[in-house]
Amino acid sequence: LVSLFAMSAVLAAFAGSLRLLRSSRERHHRMEQLEAETRAQANDLAAIFKSIPGVIHRSRLEPEWTMDWVSDQIKAMTGHAASELTGTGPVQYASLIHPDDRERVRRVLQEAPRDHQPYELVYRIVRKDGDVRWVEERGAPLRDSRDRTP
C-alpha cells in the first residue's frame, strides 16, 4: 500500500510538472507572438513616419530641447542626422534655433504644458551648412496618467 501511495504521489508530481511545462511553453509562445506583433507595429509606424513630408519628434521640455527621438526627415531640414540630435548626441536642437527667435520659442514651449494647450510656432533655424530656414511647428505636450508632462 505504501509503495502505491508513493507511486501515486510521484505520478501526481510528474503530471503537475507536465502542466507547468505546458503552461510555460504556452507563455513563451504568447510572448513570442506579442514580440512579433510589436515589431510589426513598430515597422508600420516607421513606414508612416517616413511617408510624412515633415519632421516628427518627441522632445523634452527643457532649455536644450533634447529630442528623445526624431524622424529621419530632420536631416533634410537641418543638415544633421537624427542620431546627432537625439539623447546625448553632439547637437542640441535648441542651438539650431536662430538667436533672434530663441526666447520666443522657449516661452511658448514653457507655456504650452502649463496651459494644457497645443502650440504653433514659426521660427528660423540655422542649418549645419549655415543656411537659415523657416520652420513651422505644431505640437502638444504629452501627459502621463497623473496628468503630468513627462
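So, here's what we can say about the structure.

Reading the values: rules and limits
Residues numbered from 1 in each chain as written. Predicted model: local features only at pLDDT ≥ 70, side-chain atom pairs only at ≥ 80, totals over all residues. Heavy atoms only, no water. Helix = DSSP H or I, 4+ residues; strand = E, 2+ residues; numbered from the N terminus. Buried < 20%, exposed > 50% of the residue type's maximum accessible area, 1.4 Å probe, protein only. Contact = heavy atoms within 4.5 Å. Areas by Shrake-Rupley, 256 points an atom, 1.4 Å probe, with all protein chains shown as cover. Salt bridge = Lys/Arg side-chain N within 4 Å of Asp/Glu carboxyl O. Patch = residues over 30% accessible without salt bridge, like charges linked within 9 Å, V, L, I, M, F, W, Y side chains within 5 Å. Expected span 1.5 Å × (residues − 1). Arc of directions from axis to C-beta. Pairing = 2+ DSSP bridges. Core = buried A, V, L, I, M, F, W, Y, C linked by side-chain atoms within 4.5 Å.

Take the overall build of the protein next. Scanning the protein from N- to C-terminus turns up 4 helices and 4 strands. Secondary structure elements in the protein, listed N-terminal to C-terminal, are α-β-β-α-α-α-β-β. Residue burial in the protein is summarised as follows: out of 150 residues, 25% are buried. Counted over contacts in the protein with a minimum sequence separation of 6, partners at least 24 positions apart contribute 33%. As displayed, the protein has an accessible area near 10,800 Å², and 57% of this comes from carbon and sulfur atoms.

This part is about the side chain of R124. Position of R124 among the secondary structure elements: in strand β3 (residues 119-126). Judged by its relative accessible area of 19%, R124 falls in the buried class. Excluding anything up to four places from it in sequence, R124 contacts L96, I97, H98, D100, D101, V132, R133 and W134.

Turning to the pattern of salt bridges, a few remarks are in order. Per the stated rule, a full pass over the model turns up 9 salt bridges. Between E103 and R106 there is a salt bridge, and its shortest N-O distance comes to 2.1 Å. You can see E103 and its partner R106 sitting in helix α4 (residues 102-115), 3 residues apart, about one turn around the helix. Look at E103 and you get partly exposed, because its relative accessible area is 43%. Relative accessible area serves as the criterion here: at 34%, R106 is assigned to the partly exposed category. The shortest N-O distance in the salt bridge between D129 and R127 comes to 3.3 Å. Overall, D129 belongs to the partly exposed group, its relative accessible area being 47%. Sharing partners across several salt bridges, the network here consists of R58, R60 and D68.

Okay, a nonpolar patch on the surface next. Nonpolar side chains collect at one region of the surface, where L45, I48 and I52 lie side by side and expose about 240 Å² of accessible area between them. Relative to the elements of secondary structure, I52 occurs in the loop between α1 (2-51) and β1 (57-59). Judged by its relative accessible area of 32%, I52 falls in the partly exposed class.

Counted at 1.5 Å a residue, the expected span for α4 with its 14 residues is 20 Å, and the 20 Å between its end C-alpha atoms agrees. Here α4 has its buried residues at V105, L109, A112 and P113. Taken end-on, α4 shows its buried residues confined to a sector of 85°, consistent with a single buried face. On the buried face of α4, the contacting elements are β3.

The next thing to look at is the pairing of β3. Taken together, the 8 bridges between β3 and strand β4 (residues 132-139) define a ladder with antiparallel strand orientation. Residue pairing for β4: V122 is matched across the bridge by E136. Where β3 folds back onto β4 in an antiparallel hairpin, the turn is made up of 5 residues, including G130, whose phi is positive at roughly 95°.

W65, Y93, V105 and Y123 are the most contacted members of the largest nonpolar core, which totals 19 residues. Elements that contribute at least two residues to this core include exactly β2 (67-70), α3 (82-85), α4 and β3. Broken down by element, this core gets its largest block of residues, 4 residues, from β3. Non-local contacts of Y93, meaning those with residues more than four positions away in its chain, are made with E64, W65, M67, I74, M77, T78, L85, Y123, I125 and V135.

So yeah, pure geometry; function would need other evidence.
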